[in-house]
Amino acid sequence: MKWQQLILVFIATFCLIFEGNALAQTDININNTNLIRFGGSVIVPENQVVENALAFGGSVTVSPNAKVLDTAIAFGGDVILQ
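Conventions adopted
- Residues numbered from 1 in each chain as written.
- Predicted model: local features only at pLDDT ≥ 70, side-chain atom pairs only at ≥ 80, totals over all residues.
- Heavy atoms only, no water.
- Pairing = 2+ DSSP bridges.
- Helix = DSSP H or I, 4+ residues; strand = E, 2+ residues; numbered from the N terminus.
- Phe/Tyr/Trp six-rings, centres within 6.5 Å; stacked < 30°, edge-to-face > 60°.
- Buried < 20%, exposed > 50% of the residue type's maximum accessible area, 1.4 Å probe, protein only.
- pLDDT = per-residue confidence, 0-100.
- Contact = heavy atoms within 4.5 Å.
- Core = buried A, V, L, I, M, F, W, Y, C linked by side-chain atoms within 4.5 Å.
- Axes fitted to C-alpha atoms, helices over the stretch in contact; angles between N-to-C directions.

## Details of the pairing of strand β4 (residues 49-56)
Point 1. Of the pairings in the sheet, the one linking strand β2 (residues 34-38) to β4 comprises five bridges and is parallel in character. Each residue of the ladder has a partner; that of R37, found in β4, is A55.
Point 2. When β4 meets strand β6 (residues 67-75), the two strands line up parallel, connected through seven bridges. Paired with F56 across the strands is F75, a residue of β6.

Quick look at the structure:
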């Protein structure tokens, strides 16, 4: 492998690492009806009603007196009903 290819592979790997870290800190809250988090946990607070609660790489926790109408999905974690 030539040195130019090694540099290209190094730069591509470096970019992918930082892209993943930026994505891991992203929270999406759409009008308090859909809670989505990449790289962490989602907590549905007390007395709140949401349609969907999704966590990619974390857990979904539904607090007492909170309600998820459609789906509560955790990819890489647990769904916890308190």
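## Focus on the packing of aromatic side chains
Aromatic ring pairs are reported here in terms of the distance separating the ring centres and the angle at which the planes meet.
Point 1. All told, the structure shown has one aromatic pair when counted by the stated rule.
Point 2. Aromatic side chains F56 and F75 sit 4.9 Å apart centroid to centroid with 10° between the ring planes, which places their arrangement in the stacked category. With F56 in strand β4 and F75 in strand β6, this pair connects stretches of sequence that are 19 residues apart.
Point 3. For F56, a relative accessible area of 29% corresponds to the partly exposed category.
Point 4. F75 gets classed as partly exposed once you look at its relative accessible area, which sits at 44%.

## Overview of the confidence of the model for the protein chain
Point 1. Counting all residues, the mean pLDDT for the protein chain is 75, and 76% of those residues have values of 70 or more.
Point 2. Averaged pLDDT values for the elements of the protein chain fall to 60 in strand β1 (residues 27-30) and rise to 87 in strand β5 (residues 60-62).
Point 3. In this model residues 20-26 is a low-confidence stretch, pLDDT under 50, and it forms eight contacts with partners more than four residues away in sequence or in other chains.

## Thoughts on the nonpolar core
Point 1. In this structure, L35, V42, V44, V50, A53, A55, V60, V62, A66 and A74 together form the largest nonpolar core, which totals ten residues.
Point 2. For this core, the elements supplying multiple residues, two or more each, are β3 (42-44), β4 and β5.
Point 3. Ranked by the residues each element gives to this core, the list is headed by β4, at three residues.
Point 4. Leave out the neighbours within four places in its chain, and A55 touches R37, G40, V42, V60, I73, A74 and F75.

## Quick look at the sheet that holds β5
Point 1. Strand order in this open sheet of three strands is β3-β5-β7, and the pairing throughout is parallel. Each end of this open sheet is capped by a strand with a single partner; those strands are β3 and β7 (79-81). Across the sheet, the mean angle separating the axes of adjacent strands is 10° when strand polarity is ignored.
Point 2. As paired elements, β3 and β5 share three bridges and run parallel to each other. Pairing of I43 across the sheet is with T61, part of β5.

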